[in-house]
Amino acid sequence: MNRLAGRVALVTGGLRGIGQATVERLLHEGASVMVADLEESPAEAVGPNTSYVRLDVGDEGQWQNAVATVQARFGRLDILVANAGIGGTGPIREISLDDWHRTMRVNLDGVFLAIKHCADLLAQSGRDHRGGASIINISSIMGLVALPGAGPYNASKGGVRLLTKSTALEFAASKLPIRVNSVHPGFVETPLLMATSDADALAFYTAGTPMGRMAHPSEIASAVAFLASDDASFMTGSELVVDGGWTAQ
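Residues numbered from 1 in each chain as written. Predicted model: local features only at pLDDT ≥ 70, side-chain atom pairs only at ≥ 80, totals over all residues. Heavy atoms only, no water.

### Let's talk about the pattern of salt bridges
Part 1: All chains considered together, the criterion is met by 13 salt bridges.
Part 2: In this structure, Asp128 and Arg76 form a salt bridge, with 2.9 Å as the shortest nitrogen-oxygen distance. Of the two residues, Asp128 sits in the loop between α3 (97-126) and β5 (133-138) while Arg76 sits in the loop between α2 (60-74) and β4 (79-82), which places them 52 residues apart along the sequence.
Part 3: Measuring nitrogen to oxygen at the nearest pair gives 3.1 Å for the salt bridge that ties Glu239 to Lys165. Here Glu239 is found in strand β7 (residues 239-242), whereas its partner Lys165 is found in helix α4 (residues 151-173), with 74 residues between them in sequence.
Part 4: A relative accessible area of 29% places Glu239 in the partly exposed class.
Part 5: Salt bridges here are not isolated pairs; linked through shared partners, they connect Arg3, Arg25, Glu29 and Asp231. (Salt bridge = Lys/Arg side-chain N within 4 Å of Asp/Glu carboxyl O. Helix = DSSP H or I, 4+ residues; strand = E, 2+ residues; numbered from the N terminus. Buried < 20%, exposed > 50% of the residue type's maximum accessible area, 1.4 Å probe, protein only.)

### Description of α2
Part 1: Helix length check: α2 (15 residues) gives 21 Å between terminal C-alpha atoms against 21 Å at 1.5 Å per residue, within 8%.
Part 2: Those residues of α2 that fall on the buried side of the exposure criterion are Trp63, Ala66, Val67, Val70 and Phe74. The buried side chains of α2 occupy one side of the element, clustering within an arc of 95 degrees when seen end-on.
Part 3: Of the surrounding secondary structure, the elements contacted by the buried residues of α2 are β1 (8-12), β2 (32-37), β3 (50-54), β4 and α3.
Part 4: Of the residues flanking the start of α2, the one acting as N-cap is Asp59, its side-chain oxygen 2.9 Å from the backbone nitrogen of Gly61.
Part 5: Gly75 sits one or two positions beyond α2 and adopts a positive phi of about 80 degrees. (Expected span 1.5 Å × (residues − 1). Arc of directions from axis to C-beta. Contact = heavy atoms within 4.5 Å. Polar contact = N/O pair within 3.5 Å; in protein donor to acceptor, adjacent residues only side chain to side chain.)

Encoded structure:
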């Protein structure tokens, strides 16, 4: 499969879970990938078609460095996958303002900074493709429906959803060749979720999903690859839900 041959992607949170699966799928589709995450210099992220940049997505200066690193290494950027995220749960009356800000800084500020600093490089490359360049923001079903005790996470992922739509309309009105869409996974068997969920929580996620299981990260990566490709050339401002039926109930 070579839908993305010759294209360059930047994937945040690319060392684990959905991010890692996305890197693997984009490589399989023929893209070159700049992996971005918090570790200093992981050897597994560097290969013939991959490079690595350390990136705290809530730090604007680090975003400027990351974009410069992409340009120096590859000379272009065609695909941005804003995947990095953290949790944010607890009773609303007990959540500290610092914890609230921490969730927003990664989950929402990080997406804003990604779009802001990557847009010019994406626009330059987007003119080479029928479908333009592609921004894929990883939101969540929690950006569509609420669960009790998940206020910060719900708010941050809902913000990603509407930031995606607003940016899509802005870029289309400005004739920038960049499509902007969001992906909304349900519950996914990521290392983080499996390590932080007890047996009751895992049973709740499975039982509440009409398909009777959680997703594998590769199933989310498949949706990302579709949106990155010209197969999705007429899609912008869309929300692609990959949740095993959770939000259909």
